[in-house]
Amino acid sequence: MAARKAIYLGTFAHCKTLQELEICPNGAIGVDEMGVIAFVDRHVKDTSGLEFRPGWEDAEIVAASESSFFFPGFIDTHIHASQYPNAGIFGNSTLLDWLNIYTFPLEGSFTSLSKASRIYNRVVSRTLSHGTTTATYHATIHVPATNLLADICKQKGQRAFVGRVCMDRMSPDYYRDENPETAVRDSRACIEHVRSIDPKFELITPVITPRFAPSCSEASLRGLGELHEETGVPCQTHISENKSEVALVKELFPKAKSYTHVYDDCGLLTSKMILAHAVYLSEEERALIKTRDAKISHCPASNTALTSGAARIRDLLDRGITVGLGTDVSGGYSPSILEEARQAMLVSRHVAMQDGDGAKLSTEEVLYLATRGGARVVGLEDKIGGFEVGMDWDAQMVRLGTVSGDGQGDLDTGLVELFGGEDWSECVAKWLYTGDDRNTVAVWVKGRLVHQVATYRP
Ligand SMILES: O=c1[nH]c(=O)c2nc[nH]c2[nH]1
Ligand SMILES: [Zn+2]
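Let us look at the structure shown here. (Residues numbered from 1 in each chain as written. Chains lettered and ligands numbered in written order. Predicted model: local features only at pLDDT ≥ 70, side-chain atom pairs only at ≥ 80, totals over all residues. Heavy atoms only, no water.)

**Comments concerning the pairing of strand 19 (residues 440-445)**
Stage number 1. The buried count for strand 19 comes to six of six residues, which makes it a mostly enclosed element.
Stage number 2. As paired elements, strand 16 (residues 395-399) and strand 19 share four bridges and run antiparallel to each other. Bridge pairing in strand 19 places Gln396 opposite Val443.
Stage number 3. When strand 19 meets strand 20 (residues 448-452), the two strands line up antiparallel, connected through four bridges. Paired with Val445 across the two strands is Arg448, which belongs to strand 20.
Stage number 4. Hairpin connection, strand 19 to strand 20: the antiparallel pair is bridged by two residues, and Lys446 has positive phi, about 50 degrees. (Buried < 20%, exposed > 50% of the residue type's maximum accessible area, 1.4 Å probe, protein only. Helix = DSSP H or I, 4+ residues; strand = E, 2+ residues; numbered from the N terminus. Pairing = 2+ DSSP bridges.)

**Considering the coordination of the zinc ion (ligand 2)**
Octahedral six-donor coordination of a metal ideally yields angles of 90 or 180 degrees, compared with 109.5 degrees for tetrahedral four-donor coordination.
Stage number 1. The coordination sphere of the zinc ion (ligand 2) contains the protein donors His78 (NE2), His80 (NE2), His238 (NE2) and Asp328 (OD), at a distance range of 2.0 to 2.2 Å.
Stage number 2. Considering all four donor atoms around the zinc ion (ligand 2), angles at the metal cover 90 to 168 degrees and the coordination shape is irregular.
Stage number 3. Donor residues for the zinc ion (ligand 2) sit on one chain with the sequence pattern H-x1-H-x157-H-x89-D. With His78 in strand 6 (residues 74-80) and His238 in strand 12 (residues 235-239), this residue pair connects regions lying 160 residues apart in the sequence. With respect to class, His78 is no different from His238; both count as buried. (Donors = N, O, S within 2.8 Å, 3.2 Å for Na, K, Ca; no water. Tetrahedral: all angles 85-135°; square planar, octahedral: opposite > 155°, others 65-115°.)

**Brief notes about the packing of aromatic side chains**
Stage number 1. According to the stated counting rule, one finds 18 aromatic pairs in the structure shown.
Stage number 2. Pairing Phe387 with Trp393 gives two aromatic rings, centres 5.0 Å apart and planes at 25 degrees, and the pair type is stacked.
Stage number 3. By relative accessible area, which is 1% here, Phe387 ends up buried.
Stage number 4. Each ring, one from Trp393 and one from Trp444, has its centre 6.1 Å from the other, and the planes form 55 degrees; the classification is tilted. Residue Trp393 is found in the loop between helix 12 (363-377) and strand 16, and its partner Trp444 is found in strand 19; the two are separated by 51 residues along the sequence.
Stage number 5. Lys5 extends its terminal NZ or CZ atom over the ring of Trp56, reaching a point 4.6 Å from the ring centre.
Stage number 6. Taking NZ or CZ as reference, Arg53 lies 4.1 Å from the ring centre of Phe39, over its face. (Phe/Tyr/Trp six-rings, centres within 6.5 Å; stacked < 30°, edge-to-face > 60°. Lys NZ or Arg CZ within 6 Å of the ring centre and 35° of its normal.)

**Focus on the site of ligand 1**
Stage number 1. The full set of residues close to ligand 1 is His80, Gln83, Leu95, Trp98, Leu99, Arg211, Phe212, His238, Glu241, His277, Ser302 and Asp328.
Stage number 2. The separation between a nitrogen atom of ligand 1 and a polar side-chain atom of His238 is 3.4 Å.
Stage number 3. Summarising the interface, the protein chains cover 100% of the accessible area of ligand 1, which totals 280 Å² for the free molecule.
Stage number 4. It is helix 1 (residues 95-108) that contributes the most residues to the shell around ligand 1, three residues altogether.
Stage number 5. Here the shell around ligand 1 is built from residues that sort into four nonpolar, five polar and three charged. (Near = heavy atom within 4 Å. Polar contact = N/O pair within 3.5 Å; in protein donor to acceptor, adjacent residues only side chain to side chain. Areas by Shrake-Rupley, 256 points an atom, 1.4 Å probe, with all protein chains shown as cover. Nonpolar A, V, L, I, M, F, W, Y, C, P; charged D, E, K, R; others polar.)

**Here we look at empty space enclosed by the protein**
Stage number 1. Across all of its chains, the model carries four cavities of 30 Å³ or more by this definition.
Stage number 2. There is about 80 Å³ of room inside the largest cavity.
Stage number 3. Taken together, His80, Gln83, Leu95, Trp98, Leu99, Arg211, Phe212, His238, Glu241, His277, Asp328 and Gly331 make up the full set of residues lining the largest cavity.
Stage number 4. Top element by residues in the lining of the largest cavity is helix 1. It accounts for three residues.
Stage number 5. Residue classes in the lining of the largest cavity are distributed as four nonpolar, five polar and three charged.
Stage number 6. Here the second largest cavity is characterised by a volume of approximately 60 Å³.
Stage number 7. Along its surface, the second largest cavity is lined by His298, Ala311, Arg312, Ile313, Arg314, Ala344, Val347, Ser348, Val351, Ala359 and Leu361.
Stage number 8. Sorting the residues of the lining of the second largest cavity by element identifies helix 10 (313-318) and helix 11 (337-355) as the ones contributing at least two each.
Stage number 9. With four residues, helix 11 is the single largest residue contributor to the lining of the second largest cavity.
Stage number 10. Classifying every residue of the lining of the second largest cavity gives seven nonpolar, two polar and two charged. (1 Å grid on protein atoms, 1.4 Å probe; cavity = no way out; pocket = protein on both sides within 12 Å on 5 of 7 lines; lining within 4 Å. Points joined across faces, edges and corners; volume = space filled by probe spheres on them.)

Quick look at the structure:
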């Protein structure tokens, strides 16, 4: 979608590598009409005249204030759009009872398109307001409602992967695929719908979505594996989240060597597969995932809320496995990837208390997982996740609060309060650990402004 040529002026920060956060206090990033980054200047001397870039004199200037900075948009690699009304509602349940008590009844109600419309409009707006420029969604089994989610993402301008959930067993009669053929047929219908609204999958991409092995017969997994091979469309599912689930998979697939092998045996374990959770993988399973180059969505808030366990992320990273973050709403309670990054850091500290300090994830690392890591998980590492020439301008402007001489702070910037002595890396850390959507004042996808707070003025 064409936008006006623009130059984004001021401080920008992005992750160069897992360990390195680059912060440029005097930056200028030029974005062309297609929303693609045309230049990145790291040291702009004089921004007053703007003669510094011939050919860009008539570009819109978007300047970050002294206490603001640009950061890449977040990538949520695993979120159930349909479960958004249940965010925060999980009681003391664990995965398998949580599905039956809270989740299937809600998802089953998406036969109502008006209900789906209300919920999907809300979740897309809400994630955008938290700086999520790309989201990988699970919808429900319903084709019209899933297609509506794709339409809403396109209309609101969020980059999205939209998956029609497949499940032909172990759920109530009212919420189940009739048989493996309907699971494949309805998945194909949703793929075709996305093709009709976005033929090159430039903003919206369909994603083949077997819910998880216990919900899917072997025949349906095989059928979806064939669909994956035929269409090249990416896949997503859950894996090894909870001990009872792992035991159940062993019972349901007695011939498979492991949970991971269930997906591999059916042609689903490829470099385009996103596996959520990955808490209880054996050594052999981790090696197989690395060999197949399948991707992991780390969902620490959900893993804690449902008492599932603590994923060993350092081990996965050390093996060279690609990891991003997923809010996993509503196993996870928050639609914010900033919150998820915090939780990733905190859970890693609990792992460190058992496995040693090497397990700790740093501020830089969790921000990498939230951006570049997520981009690699969804296969868009050349397009999003950082500020490089040729990448799309998927970005957020973050405004931090300042405390003035009279001790008064900005009211609309939440808990992030700068007292004046912080350097930029400390400012980013304060945002990560105390920030929220009040700090995300503007959000762009492919150069299009898709969210702004009322007090933001370009
Ligand atoms: O966190 C989860 N949320 C779900 O909806 C789900 N379905 C299967 N396994 C799941 N795990
Ligand atoms: Zn999930």
